[in-house]
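# Per-entry structural report
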Amino acid sequence: MIYTNEVEHMCVVKKGVNHGPAPIPEEGQWVKAKEIVDISGLTHGIGWCAPQQGACKLTLNVKKGVIQECLIETIGCSGMTHSAAMASEILPGKTILEALNTDLVCDAINTAMRELFLQIVYGRTQSAFSENGLAIGAGLEDLGKGLRSQVGTLYGTMAKGSRYLELTEGYISRLALDKDDLIIGYEFIHMGKFMEAVKKGVDANEALKQVTGHYGRFNPEDGAVKYIDPRKE
């Protein structure tokens, strides 16, 4: 340790009361975190790339400072999906400090890691008040049946109005319009369940029928007078 000449010639003044760091909530306990190994919790966060053309939702489950599981969901550009593939291999097994200082290939994923680091070390996690935290696998459960991200894709123009393309229920195949051409319902296909059925050997046409559903006032008796394909009409 090197001191400047001014500091070398200063007299010593003793430190008084030192209570240490403020406790933060971690998995049902109050913890005075001093080392990376003192940090645990599951949390989500959002990151964005430098030109703000893509975004990443990152979920981490951290136990004693080490990332045990990660869920990486990206939207915006094709390169992000490949970056996410690499990040899913890189993140598990790293401490949160290592992960913060590791190139996760994509700006948005790196930014998400930064935001999550801040949440985790300040005790702002989803599992802050859950005794023993959340089991490894909790991040995957966020995807629900079919293991697909909850995606909303909507498009609209002043001239032609709105087009629903994908919602929580799934891929939107038809929109139902009333006599005033207002959207009053839609038909959806749950793609995750569809692929599961096909993998089990169900005929594709039969599987499609099984996973197709409606939302809103979709039937004629409910006021629907016209149906349009949102991708073609």
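Scroll up to find the structure this text is about.
Below, the structure is looked at part by part. Here the residue numbering is sequential within each chain, running from 1 through the sequence in written order. Thresholds applied to this predicted model are a pLDDT of at least 70 for local features of residues and 80 or more for the giving and counting of side-chain atom pairs; totals over whole chains, interfaces and linings are not thresholded and use all residues. The basis for every side-chain value is the complete set of non-hydrogen atoms in the structure, without hydrogens or water.

What counts as a helix is a DSSP run of H or I of at least four residues, what counts as a strand is a run of E of at least two, and both are numbered from the N terminus. Secondary-structure assignment places A197 in helix α6 (residues 191-199). Placed 26 residues apart in sequence, A197 and G223 show a C-alpha to C-alpha distance of 33 Å. Two residues qualify as a contact provided that any one of their heavy atoms is within 4.5 Å of a heavy atom in the partner residue. Apart from residues no more than four positions distant in its own chain, A197 is found in contact with V202 and A207.

With that out of the way, let us pick up α6. Listing the buried residues of α6 in full gives G192, F194 and A197. Where α6 is buried, its residues touch α7 (204-210). Looking at the residues trailing α6, positive phi occurs at G201, about 100°. We call a residue buried when its accessible area falls under 20% of the maximum for its residue type, exposed when it is over 50%, and partly exposed in between, using a 1.4 Å probe and counting protein chains only.

A separate point is the layout of surface pockets. What the largest pocket holds in volume is close to 260 Å³. Here a cavity denotes grid points, spaced 1 Å and computed from the protein atoms alone, that fit a 1.4 Å probe unable to get out, and a pocket denotes an open set having protein on both sides within 12 Å along at least 5 of 7 lines; residues with an atom within 4 Å of a point are the lining. Lining the largest pocket are A55, C56, K57, L71, E73, T74, I75, D142, L143, S149, Q150 and V151. Of all the secondary-structure elements, those providing two or more residues to the lining of the largest pocket are β4 (55-63) and β5 (66-75). It is β5 that provides the largest number of residues to the lining of the largest pocket, a total of 4 residues. Throughout this entry, Asp, Glu, Lys and Arg are counted as charged residues, while Ala, Val, Leu, Ile, Met, Phe, Trp, Tyr, Cys and Pro are counted as nonpolar. The remaining residues, Gly among them, count as polar. Residues that form the lining of the largest pocket fall into these classes: 6 nonpolar, 3 polar and 3 charged. For the second largest pocket, the calculated volume is near 170 Å³. What lines the second largest pocket is simply E26, E27, Q29, V31, V37, D38, S40, K63, K64 and N132. Grouping the amino acids of the lining of the second largest pocket by side-chain chemistry returns 2 nonpolar, 3 polar and 5 charged. Grid points are joined across faces, edges and corners, and a volume is the space filled by probe spheres set on the points.

Tracing the sequence through the fold places N205 in helix α7. For the pair N205 and F194, spaced 11 residues apart in the sequence, the C-alpha separation amounts to 9.9 Å.

Backbone geometry places Q52, a non-glycine residue, at a positive phi of 60°. Residue position: Q52 is located in the loop between β3 (41-48) and β4. You can call Q52 exposed: its relative accessible area is 64%. Unusually for a residue other than glycine, D181 sits at a positive phi of about 65°. Locating D181 in the fold gives a position in the loop between β8 (170-177) and β9 (183-189).

With respect to the helices and strands, the residue R163 is situated in strand β7 (residues 161-167). Here Asp and Glu are counted as negative and Lys and Arg as positive; His is not counted, and neither are the chain ends. Put simply, a salt bridge is a Lys or Arg side-chain nitrogen that is within 4 Å of an Asp or Glu carboxyl oxygen. E233 is the oppositely charged side chain nearest to the buried, salt-bridge-free R163, at an N-O distance of 8.0 Å. Within the local environment of R163, its side chain forms a polar contact with the backbone oxygen of K160, the two atoms lying 3.0 Å apart. Beyond its immediate sequence surroundings of up to four residues, R163 is in contact with T153, L154, Y155, L175, I228, P230 and E233. Residues adjacent in sequence count toward polar contacts only when both atoms are side-chain atoms; beyond that, a polar contact is any pair of N or O atoms within 3.5 Å, and within protein one must be able to donate a hydrogen and the other to accept it.

With that out of the way, let us pick up the packing of aromatic side chains. Each pair of aromatic rings taken from Phe, Tyr and Trp, with Trp reduced to its six-membered ring, is defined by centres within 6.5 Å and is described as stacked if the planes are under 30 degrees apart, edge-to-face if over 60, and tilted in the remaining cases. For the structure on display, the rule yields 4 aromatic pairs. Their ring planes at 75° and their centres at 5.9 Å tell us that Y164 and Y186 sit as a pair that is edge-to-face. With Y164 in strand β7 and Y186 in strand β9, this residue pair connects regions lying 22 residues apart in the sequence. When its relative accessible area of 7% is taken as the criterion, Y186 is described as buried. When the centroid spacing of 4.9 Å and the interplanar angle of 50° are considered together, the rings of F218 and Y227 count as tilted. The class of F218 is buried, set by a relative accessible area of 3%. By relative accessible area, Y227 is classed as partly exposed at 26%.

What follows concerns the sheet that holds β4. Pairing is antiparallel across the open sheet formed by 3 strands, whose spatial order is β3-β4-β5. Each edge of the open sheet carries a strand with a single partner, namely β3 and β5. Geometrically, the sheet is characterised by an average inter-axis angle of 15° between neighbouring strands, direction not taken into account. Across 9 bridges, β4 lies against β5 in antiparallel orientation. The partner of K57 across the bridge, within β5, is E73. Every axis corresponds to a line fitted to the C-alpha atoms, with the helix fit spanning only the stretch in contact, and the corresponding angles, defined between N-to-C directions, vary from 0 to 180 degrees. Contacts from helix α2 (residues 78-90) reach β4 and β5, with the element oriented near 175° to β5. Of the strands in this sheet, β3, β4 and β5 are in contact with helix α4 (residues 107-121), which crosses β3 at around 140°. At least two bridges found by DSSP between two strands are what make those strands a pair.

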